[in-house]
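Residue-level structural notes
Residues per chain are reported as follows:
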Amino acid sequence: MIEWLQSLPAEWGNYISMLLFCSLGAMVWLIPIKAITADLESPAKWQDIRWWATVLIALQLCIYIAF
Amino acid sequence: MHPLDLVVIASYVVLIVVVGLRVARNVKDARDFFLAGRSLTWWVIGLSIIGSNIDTNSYVGASGNAYTIGIAQANFEWIGAIPAMILASLIFIPLYWRAGVYSIPEYLGLRYNQSVRVVTALITSLFAVFAMGVGMWALALVLETYLGWPIWMSILISGAIVGLYSITGGLAAVAFTDALQVSIMFICGLIIVGLGISELGGFTNFAAELTRDNPNHLSVYLPADHPQSPWPGVILGLGIVLSPAYWIASQAILQRTLGAKSQWDASASMMFAAFAKTFVPLLIIFPGLLALVLNAPIDQGDKALPWVIKNVLPPGLSGLMFVAVIAALQSSLDSSINATSLMVTRDIRHVLFKQHDPARDLAVGRGISLVLLLSAMAIAPFISDLGGIFIFLQTGLSLFQGPMLALLLMGALSQRATPQAGLWTLISGVGLAAALQFTTLNFYYVAFLSFCYSMSALWLLSHVTPGLTEDELTRLTYRPFTRRSSS
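Within any chain, residue numbers begin from 1 and follow the written order of that chain's sequence. Ligands are numbered from 1 and chains lettered from A, in the order in which they are written. Local features are withheld for residues below a pLDDT of 70 in this predicted model, meaning they are given only at 70 or higher, and side-chain atom pairs are given and counted only at 80 or more; totals for whole chains, interfaces and linings count all residues. Each side-chain value is derived from all of the structure's non-hydrogen atoms; neither hydrogens nor water enter the calculation.

**Description of the confidence of the model for chain B**
Residues and elements named next belong to chain B. A residue-level look at chain B finds 95% of positions with pLDDT of 70 or above and a mean pLDDT of 85. What pLDDT reports is the predictor's confidence in each residue, on a scale of 0 through 100. Strands here mean DSSP runs of E at least two residues long; helices mean DSSP runs of H or I at least four residues long; both are numbered from the N terminus. The weakest mean pLDDT in chain B belongs to helix α17 (residues 383–386) at 66; the strongest belongs to helix α6 (residues 104–111) at 94. Confidence metrics for the complex model read pTM 0.84 and ipTM 0.93.

**Things to note about helix α15 (residues 317–352) of chain B**
Each turn of an α-helix holds 3.6 residues, which means side chains three or four residues apart point in the same direction. Under the convention used throughout, the expected extent of a helix is 1.5 Å for every residue step, that is, one less than its residue count. A rise of 1.5 Å per residue sets the reference length of α15 of chain B, with its 36 residues, at 52 Å; its end C-alpha atoms lie 51 Å apart and thus fit the reference within 8%. Only protein chains enter the area calculation, which uses a 1.4 Å probe; residues under 20% of their type maximum are buried, those over 50% are exposed, and those in between are partly exposed. Most of α15 of chain B is tucked away, with 32 of its 36 residues classed as buried.

**A short note on the confidence of the model for chain A**
Note that predicted coordinates carrying low pLDDT should not be read in detail. Summarising the model, chain A shows a mean pLDDT of 89, and 97% of its residues fall at 70 or more. Across chain A, helix α4 (residues 49–66) of chain A holds the top mean pLDDT of 94, while helix α1 (residues 2–6) of chain A sits lowest at 71.

**Quick look at the state of the cysteines**
Sulfur atoms of two cysteines make up a disulfide when they are within 2.5 Å. All chains considered together, the criterion is met by zero disulfides over all chains. Its sulfur unpaired, C62 of chain A is 11 Å from the next cysteine sulfur, which belongs to C22 of chain A.

**Regarding the interface of chain B and chain A**
Contact between two residues is taken to exist if any of their heavy atoms lie within 4.5 Å; hydrogens are not considered. Counting residues at the interface gives 40 residues for chain B, matched by 39 residues for chain A. By convention, the term buried area covers the 1.4 Å-probe accessible surface removed from two parts as they join, with the contributions of both added. Each partner contributes to the roughly 3,400 Å² buried at the junction of chain B and chain A, and carbon and sulfur atoms together form 80% of this total. When the area that chain B buries against chain A is broken down by residue, the three leading residues are L90, W231 and W264 of chain B, summing to 22%. A side-chain nitrogen of Lys or Arg and a carboxyl oxygen of Asp or Glu constitute a salt bridge if their distance falls within 4 Å. Connecting chain B to chain A are zero salt bridges. In the analysis that follows, any N or O atom pair within 3.5 Å is treated as a polar contact, provided that within protein one partner can donate a hydrogen and the other can accept it, and provided that, for residues neighboring in sequence, both atoms belong to side chains. Where chain B meets chain A, there are eleven residue pairs in polar contact (both at pLDDT 80 or more). Listing elements by their share of the side of chain B that touches chain A, those giving two or more residues are α5 (82–99), α10 (231–249), α12 (263–284) and α20 (443–462) of chain B.

Here is the structure:
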């Protein structure tokens with residue numbers, strides 16, 4: 001498998017990375033909000049760190065598209 | 001060195017010692033010393049995580065590698081860190097937090113057995129002492145270059161400063177000084193970027209100059225046959241094994257999240273650190289590229305950062321940048337000392353010495369911190385004699401990170417993994433990784449193969465060995481969709 005991977009051009013690295021980040025982005029939203037804010041009495045919208053993760057993933061997608 | 005630079009350096013040393021000692025007054029027991037009394041807020045922890053993560057080796061070495069291979073070096077920060085940090089933030093940190101543990105080996109001890117706890121604590125502690133020695137040596141070289149101090153004097157002075165606040169103040173002192181140190185690093189890094197880009201007439205000119213003679217230097221992935229950074233190896237070894245193992249299992253990194261004042265603060269701190277991590281290449285990659293574009297007269301990449309500090313920054317700012325490099329080492333060293341001291345005090349001493357007195361943990365922890373610091377200082381002068389020490393460290397990591405990641409992933413996400421299967425997988429997985437070192441495989445591939453083996457072995461062995469009870473598994477496995485009566 002490693003030999004087969006080594007025959008692919010470097011751009012495939014960008015595509016695979018973007019695919020990984022998109023999958024991660026989908027996984028993040030499968031996690032229920034209660035599991036994240038379990039010990040907060042009345043969590044504010046900004047404390048939903050799934051949004052933080054989404055912005056972070058969007059930033060990574062920009063990087064792997066640009067470079 | 002300009003007198004203004006000396007004033008900046010002296011002010012930094014005084015500031016760090018004062019902040020560290022001030023925080024140290026709040027340390028009353030082992031919980032204060034090792035977990036900052038569970039009082040830290042998310043942004044302090046987030047900055048501290050980055051401080052612990054960036055050391056002098058990565059500062060000088062990453063700039064050097066960027067000079068040679070371009071922004072492909074930044075994969076250590078992007079595909080190599082961000083996914084793992086997101087997973088740590090959303091899944092593993094809440095799990096460790098709910099388990100109420102002080103350390104990752106302690107979690108493994110609860111999830112598997114005490115033998116797994118001691119073996120993982122021993123391996124990571126031994127490795128940490130070597131890594132601390134390398135860090136002290138790297139700092140001594142920087143001090144020798146800039147200030148002309150002999151190696152032994154540099155080691156003695158930097159060790160005394162780090163020891164003063166980390167041994168007295170514990171995790172809280174480490175976290176607050178780290179946050180200060182990272183702020184200095186970012187200010188200096190952004191100033192270098194601003195001055196460098198403006199000197200070259202804007203980013204477009206900079207990019208054109210860079211890629212004219214080095215067409216791959218703005219490509220994040222290099223060809224698969226590249227000897228140093230083959231793209232499949234980067235994704236499989238770094239992205240899937242080495243980096244998750246580091247961000248999910250590193251005691252030095254995760255200890256401050258266990259010192260958070262709430263589970264949310266712990267999770268948010270890692271996500272905040274991931275944002276900062278995205279921009280870390282500006283600090284540690286850009287100077288290498290800048291040196292290349294400015295045609296720096298250097299014969300090796302590792303001299304790129306020192307050249308930029310001396311030739312791009314004006315007096316005062318070059319002193320501040322020098323401080324940033326010292327801060328990078330200090331923030332990693334103090335974290336390592338505190339984390340290793342915790343593992344020796346609790347994960348090794350508590351298990352192996354049944355007659356231990358938990359009330360003495362604070363005194364023992366401080367004593368062990370001192371011994372660890374002295375050991376690192378004793379090893380440091382001999383590091384250069386070993387040769388290829390950075391390769392040695394990377395190879396050492398690839399030996400045990402695959403099996404450890406398998407144990408944590410299966411242990412946290414599946415109820416199937418059993419204590420006996422965990423122990424035998426850990427031992428045989430490290431053995432397999434050691435055997436693979438004798439092949440021609442790059443260490444990225446060694447890490448990936450040992451991880452695949454460990455996942456399979458753990459799965460299969462768990463079918464034929466007894467597991468934990470349902471009650472124990474409820475607290476120790478990640479099941480966000482299950483109703484919990486206790487949480």
